4 protein chains.
Amino acid sequence: MNITLSQAEKVIEAAKKKAAAMDTKMDICVVDTGANLTAFARMDGAWLGSVDISIKKAKTAVFFTMDTDQLSPLVQPGAPLYNIEHSNQGLITFPGGVVLKNAEGTIVGAIGVSGSTVEDDHKVAQAGAEAM
Amino acid sequence: MNITLSQAEKVIEAAKKKAAAMDTKMDICVVDTGANLTAFARMDGAWLGSVDISIKKAKTAVFFTMDTDQLSPLVQPGAPLYNIEHSNQGLITFPGGVVLKNAEGTIVGAIGVSGSTVEDDHKVAQAGAEAM
Amino acid sequence: MNITLSQAEKVIEAAKKKAAAMDTKMDICVVDTGANLTAFARMDGAWLGSVDISIKKAKTAVFFTMDTDQLSPLVQPGAPLYNIEHSNQGLITFPGGVVLKNAEGTIVGAIGVSGSTVEDDHKVAQAGAEAM
Amino acid sequence: MNITLSQAEKVIEAAKKKAAAMDTKMDICVVDTGANLTAFARMDGAWLGSVDISIKKAKTAVFFTMDTDQLSPLVQPGAPLYNIEHSNQGLITFPGGVVLKNAEGTIVGAIGVSGSTVEDDHKVAQAGAEAM
């Protein structure tokens, strides 16, 4: 089971709509279960630096089959996964990466969002995930 | 002058339609005039290896403000730009990268397409470019 | 709107003058709105390691349309953007990167300065920015 | 003996003047004897892809203390240095990189120029070198 482009486009549309409603400009990325880029959109005026961050958030979520906000406490100094970001050519371990599940609850990919506060990023990613 | 997300989405839609009509599966990328990712779509079943190739084709076209098929003869052994691909963290210099121009003829970005023969890739990229 | 080479040269001249007045030796970089290198100067005897740092400071400022000193508190352990530096092939998130604005207040690029304390780096970058 | 920033700036000014006289737009880079960036200028409208190429040309010239056009025949298929470009995080081995010598004939750095044909690039680099 893997996300289709049609599903990824719906996820991005929902995320764009939520971002606009929150008056934010986001970079939005969807990857499949192989952590490969499926779809991407940069809203006009969104940060250039968030292109790569949104992609890395989505990849990180698929790499470990969990939302990136679950990783944040585990990567701090002294915590078990301290500096895990050095693997996989760079991870992003703060909020904004959310796994995408199909109707049966199976993970079929992930969405990564970057462009505002991490709280906003996470909300927009969740709005995208709920469009599945 | 820079491409908008709305324009980039129209370019990708036109490219997807052309690719489907040709019975091919393509990775399609649009970058802006700064060679930064603006939009991307991987058609279901399209090659994973073409994600990066489509991005590099689009970037290469913007880097040198020309379609990538114009570079192909110049980069062969013995030709003036032999092994230019080692620059810019990797270029792709075969067909499939096409500059995008606005109504005034100004370059506002580029499309990169990969997933079939380079002839097919170029045709699909051109179909995308014509949607501007 | 994008910075011109003539403007970038004025920015670098002002930064060099300030650095000399402070008896420091700086690496000074200017990038455009696409985070692409526009101009660079390494003062005689300035640290070699600051070549890349000055470039990354300027790119980081453009990537997120803010001075790098605004990022510093956000990237500490436990803070929201902890380890963001692993994105974009390396960011620098301490002071010394300052956005450049035109007369209308639009961001047209950024200056990055490295070679002394971060306080000195920031002062020199600001002197460059004021030359716009 | 190493190039000074003041000398590097004169080299770049001469190269810019020559490029303008030839109606070309160039990316121009000067490195020192350690192959470290000393000065750089991208003329308005010059190719973005030539930022990295001009830097790699200058570095390549210093790496092997010879102009890059001397390397071109040696890197072809079947020639002794075939695919040397894979070293040093990427070399550029076509014309446009020229060593810079002081009055005594000692190499003090190199200039790299990119933005037009390799013949034009080499001419502009030579004009820069003659300003020493």
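Residues numbered from 1 in each chain as written. Chains lettered and ligands numbered in written order. Predicted model: local features only at pLDDT ≥ 70, side-chain atom pairs only at ≥ 80, totals over all residues. Heavy atoms only, no water.

## Quick word on unusual backbone geometry
So, point 1. If you check the backbone angles, A:Thr65 has positive phi at about 45° while not being a glycine.
So, point 2. Inspection of the secondary structure assignment puts A:Thr65 in the loop between α2 (49-63) and α3 (68-71).
So, point 3. Of note in the backbone geometry, D:Asn83 takes a positive phi value of approximately 70° without being a glycine. (Helix = DSSP H or I, 4+ residues; strand = E, 2+ residues; numbered from the N terminus.)

## Section: the interface of chain A and chain C
So, point 1. Contacts between chain A and chain C engage 20 residues on the former and 18 residues on the latter.
So, point 2. Here chain A meets chain C over a buried area of about 1,400 Å², counting both sides, of which 63% is carbon and sulfur.
So, point 3. In terms of surface lost to chain C, no three residues of chain A exceed A:Trp47, A:Leu48 and A:Phe94, which account for 35% of the buried area on that side.
So, point 4. Along the contact surface separating chain A from chain C lie zero salt bridges.
So, point 5. Applying the counting rule to chain A against chain C returns 10 residue pairs in polar contact (both at pLDDT 80 or more).
So, point 6. Looking at the side of chain A that touches chain C, the element that brings in the most residues is α2(A), giving five residues. (Contact = heavy atoms within 4.5 Å. Buried area = accessible area lost by both parts, 1.4 Å probe. Salt bridge = Lys/Arg side-chain N within 4 Å of Asp/Glu carboxyl O. Polar contact = N/O pair within 3.5 Å; in protein donor to acceptor, adjacent residues only side chain to side chain.)

## Brief notes about the relation of the copies chain C and chain D
So, point 1. Its rotation angle being 179°, the transformation that places chain C on chain D also includes 0.1 Å of axial translation and leaves an RMSD of 0.1 Å. Each copy turns onto its partner about a two-fold axis. Proximity to the rotation axis, assessed at the C-alpha, singles out C:Phe40 in chain C; its C-alpha lies 2.4 Å from the axis. (Least-squares fit on C-alpha atoms with pLDDT ≥ 70 in both.)

## Regarding the sheet that holds strand β3 (residues 97-101) of chain D
So, point 1. Read from one edge of the open sheet, eight strands run β3(C)-β4(C)-β1(C)-β2(C)-β2(D)-β1(D)-β4(D)-β3(D), paired in antiparallel fashion. Bordering the open sheet on either side are β3 (97-101) of chain C together with β3 of chain D, each of which pairs with just one other strand. Between one strand and the next, the sheet's axes are offset by a mean angle of 20°, whatever the strand orientation.
So, point 2. For β3(D) and strand β4 (residues 107-114) of chain D, the ladder comprises five bridges, and the chain directions are antiparallel. When the sheet's bridge partners are listed, D:Val98 is paired in β4(D) with D:Ile111.
So, point 3. Packed on one face of the sheet, helix α2 (residues 49-63) of chain C meets β1 (27-32), β2 (37-42), β3 and β4 (107-114) of chain C together with β2 (37-42) of chain D and runs near 150° to β4(C).
So, point 4. Most of the contacts of helix α4 (residues 118-130) of chain D go to β3(D), to which it runs at about 10°, and overall it touches β3 and β4 of chain D. (Pairing = 2+ DSSP bridges. Axes fitted to C-alpha atoms, helices over the stretch in contact; angles between N-to-C directions.)

## Considering the packing of aromatic side chains
The way to describe two aromatic rings as a pair is by their centre distance and the angle between their planes.
So, point 1. Taken as a whole and assessed by the stated rule, the structure comprises six aromatic pairs over all chains.
So, point 2. Ring centres of A:Phe63 and A:Phe64 lie 6.3 Å apart, and the angle between their planes is 75°; on these two criteria the pair is classed as edge-to-face.
So, point 3. An aromatic cluster is present here, built from A:Trp47, C:Phe63 and C:Phe64 joined pairwise through their rings. (Phe/Tyr/Trp six-rings, centres within 6.5 Å; stacked < 30°, edge-to-face > 60°.)

## Concerning the relation of the copies chain A and chain C
Relating one copy of the chain to the other requires a rotation about an axis plus a shift along that axis.
So, point 1. Superposing chain A onto chain C takes a rotation of 91° combined with a translation of 0.1 Å along the rotation axis, leaving an RMSD of 0.1 Å. Overall, the copies show the geometry of a four-fold rotation axis.
So, point 2. Comparing interface residues between copies, only 20% of those in chain A also lie at the interface in chain C; the contact surfaces differ.

## Some details on the interface of chain C and chain D
So, point 1. In this complex, chain C contributes 18 residues to the contact, which on the side of chain D involves 18 residues.
So, point 2. Carbon and sulfur atoms supply 49% of the area that chain C and chain D bury against each other, a total of about 1,400 Å² over both sides.
So, point 3. The closest approach of N and O atoms between C:Arg42 and D:Asp32, which form a salt bridge, is 2.9 Å.
So, point 4. Linking chain C with chain D are 13 residue pairs in polar contact (both at pLDDT 80 or more).
So, point 5. When residues of the side of chain C that touches chain D are traced back to their parent elements, those giving at least two are α1 (5-21), β2 and α2 of chain C.

## What about the pairing of β2(D)?
So, point 1. For β2(D), the buried fraction is high: six of the six residues fall into the buried class.
So, point 2. As defined by bridge partners, β2(C) adjoins β2(D) across three bridges and the pair is classed as antiparallel. Directly across from C:Ala41, in β2(D), lies its bridge partner D:Ala39.
So, point 3. In this sheet, β2(D) lies alongside strand β1 (residues 27-32) of chain D in antiparallel orientation, the contact comprising five bridges. Opposite D:Ile28, over in β2(D), you have D:Ala41 as the bridge partner.
So, point 4. Counted along the chain from β1(D) to the antiparallel partner β2(D), the turn is four residues long, and its residue D:Ala35 has a positive phi close to 65°. (Buried < 20%, exposed > 50% of the residue type's maximum accessible area, 1.4 Å probe, protein only.)

## A closer look at the packing of α1(C) against helix α4 (residues 118-130) of chain C
All names here are of chain C.
So, point 1. At a minimum axis distance of 7 Å, the contact between α1 and α4 shows a crossing angle of 140°. When the axes of α1 and α4 are compared, the pair comes out oblique. The chirality of how α1 crosses α4 is right-handed. Contact residues: α1 offers Val 11, Ala 14, Ala 15, Lys 18 and Ala 19, while α4 offers Lys 123, Val 124, Ala 127 and Gly 128.
So, point 2. When grouped by side-chain class, the residues that make up the contact of α1 with α4 number six nonpolar, one polar and two charged. (Parallel < 35°, antiparallel > 145°, perpendicular 65-115°, else oblique. Left-handed = near helix turned anticlockwise from the far one by under 90°. Nonpolar A, V, L, I, M, F, W, Y, C, P; charged D, E, K, R; others polar.)

## Section: helix α1 (residues 5-21) of chain D
Residue and element names in this part refer to chain D.
So, point 1. Between its first and last C-alpha, α1 extends 24 Å over 17 residues, near the 24 Å set by a 1.5 Å rise per residue.
So, point 2. Burial in α1 covers these residues: Leu 5, Ala 8, Val 11, Ile 12, Ala 15, Lys 16 and Ala 19. End-on view of α1: buried residues confined to an arc of 135°, all on one side of the axis. Within α1, the exposed residues directed more than 90 degrees away from the buried face are Lys 10, Lys 17 and Ala 21.
So, point 3. Phi turns positive, to about 60°, at Asp 23, one or two residues after α1. (Expected span 1.5 Å × (residues − 1). Arc of directions from axis to C-beta.)

## Side note on the side chain of A:Thr38
So, point 1. Looking at the secondary structure, you find A:Thr38 in strand β2 (residues 37-42).
So, point 2. Polar side-chain contacts of A:Thr38 include one of 3.3 Å to the backbone nitrogen of A:Asp32.
So, point 3. Ignoring sequence-local partners within four residues, the contact set of A:Thr38 consists of A:Ile3, A:Leu5, A:Ala8, A:Val30, A:Val31, A:Asp32, B:Phe40, B:Ala41 and B:Arg42.

## Points about the environment of D:Ala14
All names here are of chain D.
So, point 1. If you trace the backbone, Ala 14 turns up in helix α1.
So, point 2. A relative accessible area of 21% places Ala 14 in the partly exposed class.
So, point 3. Along the chain, Ala 14 and Ala 131 lie 117 residues apart, while their C-alpha atoms are 6.3 Å from each other.
So, point 4. Ignoring any residue separated from it by four or fewer positions in sequence, one finds Ala 14 in contact with Ala 127, Gly 128 and Ala 131.

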